[in-house]
Amino acid sequence: MAEPAQQAAFLTRNTVEDLPSGGLEARLKAAATEGRQLRVKLGLDPTAPDLHLGHTVVLQKLREFQDLGHRVVLIVGDYTARVGDPSGRSLTRPALSGEQIDENAATYQAQAFRVLRDDPDLLEVRRNSEWLDMRMEELFRLARTTTVAQLLERNDFAKRFAARTPISILELLYPLLQGYDSVAIRADVELGGTDQTFNLMLGRDVQRAYGLPEQCVLTVPLLAGLDGREKMSKSLGNHIGVTDDAGEMFGRTLSLPDDAMREWFRLLGFDEPGPDVGPRDAKRALGRAIVERFHGADAAAAAQAGFDRQFIARDVPEDLPTLVVVPGEDGTVHLPALIAEAFGRSRSEGRRLLTDGGVRLGGDVVRTADVSAAEVAGKVLQVGKRAFTRLEIGS
RNA sequence: GGCGGGAUUCCUGAGCGGUCAAAGGGGCGCGGCUGUAAACCGUGUGGCUCUGCCUUCGGAGGUUCGAAUCCUCCUCCCGCCA
């Protein structure tokens, strides 16, 4: 294992804050003296089933800890998810069922393993229902550790309080529950996005109140979404899922605004291309690197080839699905119906697409709703630039 | 407990009782220019058996020839006072 100072320098690369300042190095030294691994905590609430690239930034950092021999403790927030996080505007977010949480949790773990090393010495997966399903008495003890004033220091809360928008008690309790996780697993370090700084720091207070050493806090920047503005989030639809297929990953990456590209390279841990590489090629390199990480080099090459074929050569992709068409009695087919069936849109939308010139048949724009069966047989129906299906006549 | 405000289509946010499937903006779709970038331009954005018809404006009733718009009750949200 490398010297603590070197480790600290390596681990704080591309992070925003290391709190308290220099705390990580001190902790690494102490651990080295005691001859033990650090316990590095990350909590994830299994509220949505899939991880995206944004999550992998912090996972990547955890992986670095693992590579240095430290132990990652991944906490699946099954209990907190069950309560239903009331923050944000999603007033109607329903508390998830136990089964659904179990399912999500399993998916999470599987996806996290695409980044983390699944080695029992280096990874421990825990669920916070193990300790959060506590007696009132214990909750009282936890609640005594923190004052309302402390909680209101959080920017988020402060703003809402000032603006007189509602803050539920449950929301106030959330940071405490998260902090208790740190107590339960005796975290040496906790990681999170910059939006988690307050919660992570509060974990220190909670640990202290329980007579434990306080964890160090390491925050990583939030990865911007595909729009280049908001942080990546599934609900904003600006994400790339870690389970997306290779072509999807590559294509979506290319839609990233240039401004956000540098940051993506950095946060995702890829080497930036030199200054002589133009933005177009740099982004293609980024796309390949991303696909390669999750699907391998062959898939990355194939994804790029497929992309070039489809969008540069304007050719139809390989392996397109076939839709069997049954003509009407008069021997014609109704295109809006086909569009609806093939691409999951409504017939009305299909009609609009036709009049807007967004539909191609065998490469040529069609604007008529009804065409003869002979005209469509064996041809490729295309909507927009991305949706294709081959048409075959059936009976 | 008292008083007041609100619930509109993906989001936001307009909406004299008829001309409202419902303004504007955002987002998104399609088209153009391009590098599936940005910026910009055009266009569309409930459904359908589509010159019309059907279902939508928190829920249930009611008034009316006619209601997103008026009344009643209900549910939920918010603020102020206690």
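The rules behind these values
- Residues numbered from 1 in each chain as written.
- Chains lettered and ligands numbered in written order.
- Predicted model: local features only at pLDDT ≥ 70, side-chain atom pairs only at ≥ 80, totals over all residues.
- Heavy atoms only, no water.
- Domains from an automatic or database assignment.
- Near = heavy atom within 4 Å.
- Polar contact = N/O pair within 3.5 Å; in protein donor to acceptor, adjacent residues only side chain to side chain.
- Helix = DSSP H or I, 4+ residues; strand = E, 2+ residues; numbered from the N terminus.
- Buried < 20%, exposed > 50% of the residue type's maximum accessible area, 1.4 Å probe, protein only.
- Contact = heavy atoms within 4.5 Å.
- Patch = residues over 30% accessible without salt bridge, like charges linked within 9 Å, V, L, I, M, F, W, Y side chains within 5 Å.
- Areas by Shrake-Rupley, 256 points an atom, 1.4 Å probe, with all protein chains shown as cover.
- Salt bridge = Lys/Arg side-chain N within 4 Å of Asp/Glu carboxyl O.
- Lys, Arg positive; Asp, Glu negative; His and termini not counted.
- Charge placed at Lys NZ, Arg CZ, Asp CG, Glu CD.
- Core = buried A, V, L, I, M, F, W, Y, C linked by side-chain atoms within 4.5 Å.
- Pairing = 2+ DSSP bridges.
- Axes fitted to C-alpha atoms, helices over the stretch in contact; angles between N-to-C directions.
- Phe/Tyr/Trp six-rings, centres within 6.5 Å; stacked < 30°, edge-to-face > 60°.

1. Considering the domain arrangement of chain A
Reports often express the size of an interface as the amount of accessible area lost when the parts come together.
Phase 1 of the analysis: In terms of domain boundaries, chain A breaks down into domain 1 (4-220), domain 2 (246-311) and domain 3 (322-393).
Phase 2 of the analysis: For domain 2 versus domain 3, the distance between C-alpha centres works out to 33 Å.

2. A closer look at the protein's contact with RNA strand B
Phase 1 of the analysis: Lining the immediate environment of RNA strand B, one finds 25 residues, of which Asp-258, Phe-307, Ser-348, Arg-351 and Arg-352 sit closest.
Phase 2 of the analysis: Among all atoms of RNA strand B positioned within 4 Å of the protein, those belonging to sugar or phosphate total 71%.
Phase 3 of the analysis: Within the contact set of RNA strand B, a base nitrogen lies 2.5 Å away from a side-chain nitrogen or oxygen of Asp-258.
Phase 4 of the analysis: Of all the elements in the fold, those that place two or more residues in the surface near RNA strand B are helix H12 (246-254), helix H14 (279-295), helix H15 (297-312) and helix H17 (347-355).
Phase 5 of the analysis: The element that contributes the greatest number of residues to the surface near RNA strand B is H17, accounting for 5 residues.

3. Quick notes on the side chain of Asn-199
Phase 1 of the analysis: Residue placement: Asn-199 occurs in helix H11 (residues 197-209).
Phase 2 of the analysis: For Asn-199, a relative accessible area of 7% corresponds to the buried category.
Phase 3 of the analysis: Within polar-contact distance, the side chain of Asn-199 engages the side chain of Gln-178 at 3.1 Å.
Phase 4 of the analysis: In this structure, Asn-199 is in contact with Arg-154, Pro-175 and Gln-178, ignoring residues within four places of it in sequence.

4. Observations regarding the environment of Lys-29
Phase 1 of the analysis: Examined against the element boundaries, Lys-29 turns out to sit in helix H2 (residues 23-34).
Phase 2 of the analysis: Separated by 21 residues in the primary sequence, Lys-29 and Ala-8 have C-alpha atoms spaced 9.5 Å apart.

5. Section: a positive patch on the surface
Phase 1 of the analysis: Together, Arg-314, Arg-360, Lys-385 and Arg-386 line one region of the surface with positive charge.
Phase 2 of the analysis: Take Arg-360: it is sitting in strand S9 (residues 359-361).

6. A few points about the pattern of salt bridges
Phase 1 of the analysis: Applying the stated rule across the entire model yields 26 salt bridges.
Phase 2 of the analysis: The salt bridge partner of Lys-29 is Glu-25, with a shortest N-O separation of 3.3 Å. With Lys-29 and Glu-25 both in helix H2 and 4 residues apart, the pair spans about one turn of that helix.
Phase 3 of the analysis: Looking at Glu-25, the relative accessible area reads 27%, which means it is partly exposed.
Phase 4 of the analysis: Glu-64 is the salt-bridge partner of Lys-61, the closest N and O atoms lying 2.9 Å from each other. In this pair, Lys-61 and Glu-64 both sit in helix H3 (residues 53-67), 3 residues apart, roughly one turn of the helix. Each member of the pair, Lys-61 as well as Glu-64, carries the same accessibility label: buried.
Phase 5 of the analysis: When salt bridges with common partners are traced through the structure, they connect Arg-39, Arg-71, Glu-124, Arg-126 and Glu-130 into a single cluster.

7. What about the nonpolar core?
Phase 1 of the analysis: Grouped together as the largest cluster of nonpolar side chains are 55 residues, with contacts concentrated most on Leu-53, Trp-264 and Ile-290.
Phase 2 of the analysis: Counting only domains with at least three residues in this core, you end up with domain 1 (4-220) and domain 2 (246-311).
Phase 3 of the analysis: When sequence neighbours within four positions are dropped, the list of residues in contact with Trp-264 reads Leu-53, Leu-223, Ala-224, Gly-225, Leu-226, Met-232, Ile-240, Leu-256, Leu-286 and Ile-290.
Phase 4 of the analysis: The next biggest cluster of nonpolar side chains, apart from the first, holds 20 residues, and it includes Leu-142, Leu-176, Leu-177 and Tyr-210.

8. Quick notes on the sheet that holds strand S3 (residues 71-76)
Phase 1 of the analysis: Ordered in space as S1-S6-S5-S2-S3-S4, the 6 strands form an open sheet in which the pairing is mixed. On the outer flanks of this sheet lie strand S1 (17-19) and strand S4 (123-127), each paired with one strand and no other. Pairs of neighbouring strands in the sheet enclose a mean axial angle of 20 degrees, with direction left out of account.
Phase 2 of the analysis: Direction of pairing for strand S5 (residues 189-193) relative to strand S6 (residues 216-220): parallel, over a ladder of 5 bridges. Paired with Glu-190 across the strands is Val-217, a residue of S6.

9. Regarding the sheet that holds strand S12 (residues 380-383)
Phase 1 of the analysis: Taken in spatial order, the 5 strands of this open sheet run S7-S13-S12-S9-S10, and their pairing is mixed. The strands lining the two open edges of the sheet, one partner per strand, are strand S7 (322-325) and strand S10 (364-365).

10. A short note on the packing of aromatic side chains
Phase 1 of the analysis: Summed over all chains, the structure comprises 3 aromatic pairs.
Phase 2 of the analysis: Relative to Tyr-210, the ring of Tyr-180 lies with its centre 5.5 Å away and its plane at 70 degrees, an arrangement referred to as edge-to-face. Placement of the pair is Tyr-180 in helix H10 (residues 169-185) and Tyr-210 in the loop between H11 and S6, with a sequence separation of 30 residues.
Phase 3 of the analysis: Residue classification places Tyr-210 among the buried residues on the basis of a relative accessible area of 16%.
Phase 4 of the analysis: Relative to Phe-307, the ring of Phe-250 has its centre 5.4 Å away and its plane inclined at 70 degrees; by these criteria the two rings are edge-to-face. Taken together, the residues Phe-250 in helix H12 and Phe-307 in helix H15 connect sequence positions 57 residues apart.
Phase 5 of the analysis: Residue classification places Phe-307 among the buried residues on the basis of a relative accessible area of 16%.

11. A look at the pairing of strand S13 (residues 387-393)
Phase 1 of the analysis: Bridge count between S7 and S13: 4 bridges; the pairing is parallel. Note that in S13 the partner of Thr-322 across the bridge is Arg-390.

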